[in-house]
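Analysis of the macromolecular model
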Amino acid sequence: MPTIRIDDKDYEVRDGKNLLESCLALGFDLPYFCWHPAMGSVGACRQCAVKVFKDEQDTRGRLVMSCMEPVKEGLRLSIVDPAAKAFREQVIEWLMTNHPHDCPVCDEGGSCHLQDMTVMTGHDYRRYQYRKRTYQNQYLGPFIHHEMNRCIQCYRCVRFYRDIAGGEDLNVYAAHDHIYFGREKEGVLQSPFSGNLAEICPTGVFTDKTLKAHYTRKWDLTNAGSVCPHCSLGCNIFAGERYGEIRCITNRFNSEVNGYFLCDKGRFGYEFVNSENRIRQPLIRGRLVDAVSEDQLLEYLRHLTGNGNIIGIGSPRASVETNFSLMQLVGIDNFYQGVNEDTAFLQKRVTDILESGTLRSNSLRDIESSDAILVLGEDIWNTAPIMALTVRQSVMKTAFSQTVQQISLPSWNDIAVRELTQEARGYLANAGTSGSPLDKLATHHVQAAPDDIARMGYAIAAHLDPSLPPLSKQENELTARTGEIALALSLARKPAIISGISACNEAILKAAYNIAWALKRMGKEVGISYVLPECNSMGLALTKAPSFEKALGRLERNTGTTVIVAEQDIYRCLPEEQAEMFFSKCGKIVVLDVLHNRTTERAHVLIPSASFAEGDGSFVNNEGRIQRFYKVYAPENNNVIEGWKWLERIGGGNERIDQLHTMIEKGLSQFAGISTEAPAAGFRIHGEAVPREPHRYSGRTAMWAHLQVSEPKPHQDNNAPLSFTMEGYKGIPPAAIIPFYWAPGWNSVQALNKYQEIPGGKLTGGNPGVRVLNESAEPRGDFFTDMPEAFSARRGRWLLLPAYHLLGSGEMSMESRGIAELSPEPYLALSMQDAVAMNATTGSTMVVQIMGKAYSLPLKIAETLTDGLAVVPAGLPAMPVLPFGSWVEIVKK
Amino acid sequence: MSQNKADTNASIQQPSSAKPGGTELSVAERALIDHEISLVPYRKAAVIEALKIVQQNRRWVSDESLDAIARYLDMNAAEVDSVATFYNLIFRRPVGRHVMLLCDSVSCYIMGCTELYRSLQQRLGIEFGHTTSDNRFTLLPNCCLGCCDHAPALMIDDDLYRDVKPMELEGILKHYE
Amino acid sequence: MNSQAGMETPLTQYIKGNGASLGLKEYEAIGGYTALKKVLQSMTPAELQQLVMDSKLKGRGGAGFSTGTKWSLVPMGPEAPKRKYLIANADEMEPGTFKDRLLLEGNPHQLIEGMILAAYAIQADISYIFLRWAYRSAAVLLKKCLEEAYAAGYLGQHIAGSDYKLELYLHTGVGRYICGEETALLNALEGKRATPRAKPPFPQISGLFGKPTIVNNVETLSCIPHIVNNGATWFRNLSSSEDSGTKIYGVSGKVRNPGAWELPMGTTIRELLEEHAGGMLPGYQLKGILPGGASTDFLTGDHLDIKMDFAAVAAAGSRLGTGTMIVMDDKTCPVGMVHNLQHFFAQESCGWCTPCREGIPWVEKILWSIEQGAGRKEDLELLDMHTKFLGPGNTFCALAPGAMEPLQSALKYFRPEFEKHIEQKKCPYANHTH
Ligand SMILES: Cc1cc2nc3c(=O)[nH]c(=O)nc-3n(C[C@H](O)[C@H](O)[C@H](O)COP(=O)(O)O)c2cc1C
Ligand code: SF4
Ligand code: FES
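Every chain is numbered on its own, with residues counted from 1 as its sequence reads. Following the order in which they are written, the chains are lettered starting with A and the ligands numbered starting with 1. Note on the predicted model: pLDDT of at least 70 is required for a residue's local features to be given, and 80 or more for side-chain atom pairs to be given and counted; whole-chain, interface and lining totals, by contrast, use all residues. Only heavy atoms go into the side-chain values, all of them from the structure, while hydrogens and water stay out.

**Looking at the overall build of chain C**
From N to C terminus, chain C includes 17 helices and eight strands. Against the 2.2 N^0.38 benchmark of 22 Å for 434 residues, chain C shows a C-alpha radius of gyration of 22 Å, consistent with a compact globule. Remark: exposure states derive from per-residue accessible area (1.4 Å probe, protein chains only) relative to the maximum for the residue type, with buried under 20%, exposed over 50%, and partly exposed in between. Taking all 434 residues of chain C together, 68% fall into the buried category. A fraction of 70% describes how many contacts in chain C between residues 6 or more apart in sequence connect residues 24 or more apart. In this description, accessible areas are obtained by the Shrake-Rupley approach with a 1.4 Å probe, and a residue is regarded as covered only by the protein chains that are shown. Accessible surface for chain C amounts to roughly 13,900 Å². Of this, 52% is attributable to carbon and sulfur atoms. Across chain C, the 43 positively charged side chains and the 45 negatively charged ones have centroids separated by 3 Å. In this text, helices come from DSSP runs of H or I with a minimum length of four residues, and strands from runs of E with a minimum of two, each type numbered from the N-terminal end. For a compact globule the rule gives 2.2 Å times the number of residues to the power 0.38, and the radius of gyration it is set against comes from C-alpha atoms. Here a residue-residue contact requires only that any non-hydrogen atoms of the pair lie within 4.5 Å. The charge count treats Lys and Arg as positive and Asp and Glu as negative. His and the chain ends do not count. Throughout, a charge is located at the NZ atom of Lys, the CZ atom of Arg, the CG atom of Asp or the CD atom of Glu.

Here it is as structure tokens:
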């Protein structure tokens, strides 16, 4: 740890950092724009100037940009030096010469980095007397609003969009003071990570258009830390509320999970919370008046559940707590997973592998720091977007670390590192049934049928481990590739293997395991990731309960069985006839859910569940990390409460989450640690709870005045050490309960620096979340040896596979208008050759025949798809649920 | 699917809608660009050369030409335009039959380029950045042409004129129809 | 163009003038490519580097950095990257500068030979001439000369029968002054926007396409064959000052005989102005000079006996720069002239860093308003502020500091003129507005 001298005081700082990072880590306020902890330094904005001095004798010193200057033992610098201060103030004055003075009407106002830096430098008087330059704005799609006049040309947007996200359709144009940031022509931004522009941009050029639709200043939002409910990665988010509506989602930093970024589904998929389609009232159907009071409901349900002939169906999108409470209510043997047989089977394979402790279950952070990655059979771009972004960073960083070693360049010197690295990339092999934008980045990419991908995986493992039988013969070009892939993995220090269940193929999961285990036996620091479909798929799978289809026999035997479905649409799990058949065998059907869907239509008793935003709970992400989300606001409608609370009420149980956690730990040892994931509800700092509202929250005595003039009593929170007001502890709380970022002088998201040990590093006191799937100290394992047969196309039949769409396949996110707008129309994709053989062209109507039913879909030709595969989008509301992984007949109409 | 929709599955594409004519690069243009590509480590490093080649041929780089270059070099149009708009002498708007570059840097300033400009303005009826209505000339200001010892200087297409006096303009312009 | 009898002018002595240039045969006849053969037969790269170091040659592109030292920073030996580049900077866009044009149009083979030698010294295998777009005739000539050189075996595989191989390409730019800045030039050659790069790492370590690269000015490289042929001592003795060799000086503005001449390094301003440029045109008085192009500080009539070498001009408060001086006469408004310069720099800022992108246009607007008679007293303070804050180190590259040099010195020497504009609310020089 070098010591540097800042304004005549010595400080120990971390080696290998630049002066700006070091000063910020020490808590100094030093303004900056172009530097970003996740993107490094480029020295463009010149905002971060400090003075450095050669030695004791040097009194003049020289100005340097602190972001471009490495830490050196004994270095002397001054932040408060008058010349440095004057220069920093001057940089702001330059930036403000053309900046519109429109803060009152700017969406960024109040959470604006430029505002903060302007105040920080003391610039307050305008000497520039001439006209400001003006630009035309562009339409950039439903998510991002563009207001170019506010641009301060820090280049962060293009650097994020291109260098980090790999997007291509946003760039910088022209030169000198005519620089313009936008698209070549107006149009929807193509990157599914575009939403991060709203946080990356330090001014109001790129802002959240969905927030604009129901705008609220940052200081007027009620917030809580939460977990994204839209995929299995569990990205940490903040949700902000005003007037009973979620207004925006922003990134909540967790260096082991999502880091600084979110995907557009996560950021903009929140509108279901505010949807018209919400269930708001308990119903008992078939009465004179369906709507019932809570007491009527509870009485009815206690009666209904009393006789023991009952089963419960949990859900991969319900919280751990809700699934557990249901399990408790119905009894452990009567609890089933709300996923179909195939999914349950595949997920069990995953949990068996991960629970065996043979391998490390990788966090996203582990993936980022890997130096070779194999993605086997999972379309992570669409099923786990932030994992794809992480893979991209890993591939770039591997290339960077190889090049910076050559000339000992600090890795934060982004501009120089990229120039040195040029087009070199770290190792990535991507094997999938359909192509992926990741292929552009990959050294090897392969498109094949799932069984062939699995065979390839087995063959790679056989290359790595001599104890495995090699493939009998090099049967095709796929197996020929395996040697190269195996070699690349074996040269890595820390390889990462990624797979998942979306290809509906067990052999792929096993092959991925084999490769990882072979690498492990070679002494590699290897880890594995399996992507699952939903936010709590892992949490549900860990219950080890059988799939609900397993209950069919028993429903047939015992007629009149009461079935409680917690937050799952059975019609999304099974093809229509099978779902109908299932329901026909149920007795009374009780459904708890957030939104109306086809299953809630079948319910005799319907109960409104809180969404992630109105409730407390935990999800287990694909890595096996239990993460806590907090109620953002207490809805006016007190029928809208967590699923688990309803179930506890029915069962006469406890409504305190802390007690529930203790019971979960007692009942299900696989969740051990859940009680420690976050501070208990009674936790206080200096006797105070942590406020969900910023201390500048306005209008609370007036905001409900149109309904009632007296200020309502703030809601009490029994389940979190958070208050629903602006009163409480103002400092930095433990990481798990941070409700928003704010620090004196730092109103924008940049305040995050104050919450981290060092900028870009862990949150102070450690990142939240508890891992429940851990590698054992002395791992033992066996290889799988049951390799599948090679795929061969069949005459007149196709293997039906799902295509997941980042925007479109998500059940809840499709309630967001922008996401629905950008989602694809239904289609059926076939290879060029198959299409030609059927005399079909793009747009031809194709008929898929499944169990006597016919589904018509327009044809898309997928040039690189394997012959004999048929791909249809999964999860679109307009698409029927089809039996993925099975062989179907297709004819041209 | 409407064009405005983000298709996140790369492999599922419509067959390319190649249109003949100005929206595609000519065989000759491709051959020249191919040669430039052969000299650099990766395709897109040849983009400035490609822009020059296309502009040489078509006088300016239209959106369609830009798209064609982008496709040929496996780049996004935004990336090509980012480069194209940086440089002074890649024309992203139509230019006249002759491009006239008047040096307005310091030596020419001292030696009277301002008068020359006034004279050109009068004669052609246009200002810097504009094209005459008969499409004959586009008049642009230019940085130092490197003949400061013969200032003021003027370049029309590839021809350099030195020590230009306003009264000589008539005779010079005559050569360009 | 040719110099006085008795004085050695190795770079220009055979240049014919009138636009005619030396072809390969003519160049060989006057000893061309003998230096190349000599080096390939009898010198190691290290020896050639040492020779250039001993010659004390300083870069002629403007900054005057020792060429030998620059080369010595390139990684050499078996561990060094396989690919290395040598680039001739022929972007010459500094206003008032027209010296490289003389060499490019007059004796292209001299540059080519110099480049092959330089490339050999650092063991580069690919080289480029980065030529500005406007030099059309130079482009045609260079193309022809490159063909000749390839045909004669001076380029390509087995150069002059040795194991050394080198490719040399001509790249013509598409406009932008910043392309002359060596790291921006690299980005331009890579097909990118020509914004400068961070230094360190220097191009010698991480240059074109991330590989070790040397960028040298045309005049610098043209000196190399002569140093090889005649030795380091000879080269040092060419000059009449500390800095060795000859220098191509130029004078433009209202003088009788504007032009460029090769003279011993260290020739005085007086000699240049009075003897070579023939003094001021009748009716014009000398008021100031920019000694080395647009981005150098003004000197005045008090500085005529300053030697035009790197140290002496610096001591007088300016820079030798490109050595091509611009003369400001008494009928040219200093405010107008400085406005013209700032207009140039504002337009040519790449737009990467804040002070340059936002500061120079502000300066330009202030100067314009002073020139138009709308200036205010405070404007001078704002100009002073800019000269202070756009100094070296404060901006990403040297463009903006260069832009401030003529401004700060104009404010120093011609401040009363600025004040007069403000007091009289008009330009006292009637006919010079832009
Ligand atoms: C804005 C700017 C423009 C420049 N333009 C040129 C130029 O046109 N020609 C040139 O040789 N050097 C130019 N230079 C200097 C180069 O960066 C570099 O120092 C030079 O080419 C090195 O060659 P030398 O060592 O032989 O002098 C410029 C520098 C700056 C900052
Ligand atoms: S000083 Fe800054 S903006 Fe100006 S040319 Fe250099 S890098 Fe570009
Ligand atoms: S933050 Fe250091 S120059 Fe921009």
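**Thoughts on the site of ligand 1**
Residues and elements named next belong to chain C. For this description, a residue counts as near a given molecule or strand if any of its non-hydrogen atoms is within 4 Å of it. Around ligand 1, 18 residues are found, and the nearest of them are Gly61, Lys70, Asn89, Asn217 and Thr220. With respect to ligand 1, the side chain of Lys70 contributes an N or O atom lying 2.9 Å from an oxygen atom. Any pair of N or O atoms that falls within 3.5 Å is considered a polar contact. Within protein, one atom must be able to donate a hydrogen and the other to accept it, and sequence-neighbouring residues count only if both atoms are side-chain atoms. At 2.7 Å, a side-chain N or O of Asn217 approaches an oxygen atom of ligand 1. For ligand 1, the protein covers 90% of the area, taking 610 Å² as the surface of the free molecule. Its residues placed into classes, the shell around ligand 1 shows five nonpolar, seven polar and six charged. Side-chain classes follow a simple rule in which Ala, Val, Leu, Ile, Met, Phe, Trp, Tyr, Cys and Pro form the nonpolar group, Asp, Glu, Lys and Arg form the charged group, and the remainder, Gly included, forms the polar group.

**Some remarks on empty space enclosed by the protein**
All names here are of chain A. Definitions used for this entry: grid spacing 1 Å over protein atoms alone; cavity, a set of points where a 1.4 Å probe fits but cannot get out; pocket, an open set with protein on both sides within 12 Å along at least 5 of 7 lines; lining residue, one with an atom within 4 Å of a point. Grid points are joined across faces, edges and corners, and a volume is the space filled by probe spheres set on the points. Within this structure, the stated rule accounts for 13 cavities of 30 Å³ or more. Considering only enclosed or pocket space, the largest cavity measures out at about 680 Å³ in volume. Ser111, Ala198, Glu199, Thr250 and Val749 are, among the 42 residues lining the largest cavity, the residues nearest its centre. Those elements that provide at least two residues to the lining of the largest cavity are α5 (197–200), β9 (206–208), β11 (236–242) and β12 (245–251). For the lining of the largest cavity, the element with the highest residue contribution is β12, accounting for four residues. Residues that form the lining of the largest cavity fall into these classes: 20 nonpolar, 14 polar and eight charged. The computed volume of the second largest cavity comes to approximately 230 Å³. Looking at the second largest cavity, it is lined by 21 residues, and the ones nearest its centre are Arg317, Glu567, Ala610, Ser611 and Phe612. Of the residues in the lining of the second largest cavity, the class split is eleven nonpolar, five polar and five charged.

**A look at the interface of chain C and chain B**
In this complex, chain C contributes 53 residues to the contact, which on the side of chain B involves 41 residues. Taken over both partners, the interface formed by chain C and chain B buries close to 3,900 Å², and the fraction arising from carbon and sulfur atoms is 60%. A pairing counts as a salt bridge when a side-chain nitrogen of Lys or Arg comes within 4 Å of a carboxyl oxygen of Asp or Glu. Arg136 of chain C is paired through a salt bridge with Asp158 of chain B; the nearest N and O atoms lie 3.2 Å apart. Here chain C is connected to chain B by 18 residue pairs in polar contact (both at pLDDT 80 or more). When residues in the side of chain C that touches chain B are grouped by element, the largest group, seven residues, is from helix α13 (residues 334–348) of chain C. Note on terms: buried area is the combined drop in 1.4 Å-probe accessible area of two parts once they are placed together, counting the loss on both.

**Quick look at the confidence of the model for chain C**
Residues and elements named next belong to chain C. Think of pLDDT as the predictor's per-residue confidence, scored from 0 to 100. When the pLDDT values of chain C are averaged, the result is 95; 97% of them are 70 or greater. The low-confidence segment residues 1–5 (pLDDT under 50) makes 16 contacts with residues lying over four places distant or belonging to another chain. Among the scores for the predicted complex, ipTM is 0.95 and pTM is 0.96.

**Some words on helix α17 (residues 506–521) of chain A**
Residue and element names in this part refer to chain A. With 16 residues, α17 extends 23 Å between its outermost C-alpha atoms, agreeing within 8% with the 22 Å of an ideal straight helix rising 1.5 Å per residue. Most of α17 sits out of view: 14 of its 16 residues are buried. By the N-cap criterion, in which a side-chain oxygen at the helix start approaches the backbone nitrogen of a residue two or three places on, α17 is capped by Asn505, the distance to Ala507 being 2.9 Å. Here the expected length of a helix is defined as 1.5 Å per residue gap, with one fewer gap than residues.

**Remarks on the interface of chain C and chain A**
If you look at the interface, chain C gives 42 residues, while chain A gives 41 residues. Here chain C and chain A share an interface that buries about 3,300 Å² over both sides, 59% of which is from carbon and sulfur atoms. Between chain C and chain A we count two salt bridges in total. Counting across the chain C and chain A interface gives 15 residue pairs in polar contact (both at pLDDT 80 or more). Contributions of two or more residues to the side of chain C that touches chain A are made by α13, α14 (354–371) and α15 (377–389) of chain C. Take the side of chain C that touches chain A: its biggest share by element is ten residues, from α14 of chain C. When its residues are assigned to classes, the side of chain C that touches chain A shows 19 nonpolar, 13 polar and ten charged.

**Focus on the packing of aromatic side chains**
When the centres of two rings from Phe, Tyr and Trp lie within 6.5 Å, Trp using its six-membered ring, the rings pair. Their planes under 30 degrees apart give stacked, over 60 give edge-to-face, and anything left gives tilted. Within the structure shown, the criterion is met by 43 aromatic pairs over all chains. Their ring planes at 50° and their centres at 4.5 Å tell us that Tyr155 of chain A and Trp352 of chain C sit as a pair that is tilted. Of this pair, Tyr155 of chain A sits in the loop between β6 (144–146) and α4 (156–164) while Trp352 of chain C sits in the loop between α13 and α14, which puts the two residues in different chains. For the pair shown, Tyr155 of chain A and Trp352 of chain C are each scored as buried. Residues Tyr27 of chain C and Tyr33 of chain C carry aromatic rings whose centres are separated by 5.3 Å and whose planes lie at 85° to one another, so their mutual orientation is edge-to-face. Assessed through its relative accessible area of 3%, Tyr27 of chain C is described here as buried. The class of Tyr33 of chain C is buried, set by a relative accessible area of 0%. Taking NZ or CZ as reference, Arg649 of chain A lies 5.9 Å from the ring centre of Trp646 of chain A, over its face. In this scheme, the term charge over a ring applies when either NZ of a lysine or CZ of an arginine sits within 6 Å of the ring centre and within 35 degrees of the ring normal.

**With respect to the site of ligand 2**
Lining the immediate environment of ligand 2, one finds 13 residues, of which Cys350, Trp352, Cys353, Cys356 and Cys397 of chain C sit closest. Class assignment of the residues belonging to the shell around ligand 2 gives a composition of ten nonpolar, three polar and no charged.

**Some words on the domain arrangement of chain C**
Residues and elements named next belong to chain C. Domain borders in the structure are assigned automatically or taken from a domain database. For chain C, the domain assignment lists domain 1 (24–233), domain 2 (246–329) and domain 3 (334–424). Listed per partner, the contact involves 14 residues of domain 2 and 15 residues of domain 3. The contact between domain 2 and domain 3 buries some 1,200 Å² in all, and 67% of this surface belongs to carbon and sulfur atoms. Run the count over domain 2 and domain 3 and you get two salt bridges.

**Overview of the packing of helix α5 (residues 99–106) of chain C against helix α9 (residues 218–230) of chain C**
Residue and element names in this part refer to chain C. Lines fitted to C-alpha atoms define the axes, with helix axes restricted to the stretch in contact, and inter-axis angles between N-to-C directions lie between 0 and 180 degrees. Viewed as axis vectors pointing N to C, α5 and α9 meet at an angle of 50°, and their least axial separation amounts to 9 Å. Taken together, the axes of α5 and α9 are oblique relative to one another. Contacts between α5 and α9 involve Lys99, Asp100, Leu103 and Leu104 from the former and Val218, Glu219 and Ser222 from the latter. Oblique is the label for every angle not falling under 35 degrees (roughly parallel), over 145 degrees (roughly antiparallel), or within 65 to 115 degrees (roughly perpendicular).

**Quick notes on the domain arrangement of chain A**
All names here are of chain A. Each assigned domain of chain A is listed with its residue range as follows: domain 1 (3–97), domain 2 (283–344 + 540–770), domain 3 (360–525) and domain 4 (797–892). A separation of 39 Å is found between the C-alpha centroids of domain 1 and domain 3. Tallying the contact residues gives twelve residues for domain 1 and four residues for domain 3. Each partner contributes to the roughly 570 Å² buried at the junction of domain 1 and domain 3, and carbon and sulfur atoms together form 61% of this total. Ranking the residues of domain 1 by area buried against domain 3 places Ser41, Val42 and Met68 at the top, with a combined share of 49%. At the surface where domain 1 touches domain 3, the tally comes to zero salt bridges. Joining domain 1 to domain 3, the criterion identifies three residue pairs in polar contact (both at pLDDT 80 or more). For the side of domain 1 that touches domain 3, a count of residues per class yields five nonpolar, four polar and three charged.

**A short note on the pairing of strand β20 (residues 495–500) of chain A**
All names here are of chain A. Counted residue by residue, β20 has six buried out of six residues, so it is predominantly covered. Side chains of β20 alternate between two faces, with Pro495, Ile497 and Ser499 and Ala496, Ile498 and Gly500 buried alike. A pair of strands is labelled paired if DSSP reports no fewer than 2 bridges between them. The sheet contact formed by strand β17 (residues 372–376) and β20 spans four bridges and is parallel. In the sheet register, Leu374 faces β20, and the bridge partner there is Ile497. Note that β20 and strand β21 (residues 527–531) share five bridges and pair parallel. Pairing of Gly500 across the sheet is with Val531, part of β21. Orient the strands so they point away from the viewer, and a crossover whose first-strand-to-second-strand path over the helix runs clockwise is right-handed. Of the crossover connections in this fold, the one passing from β20 over α17 to the parallel β21 is right-handed.

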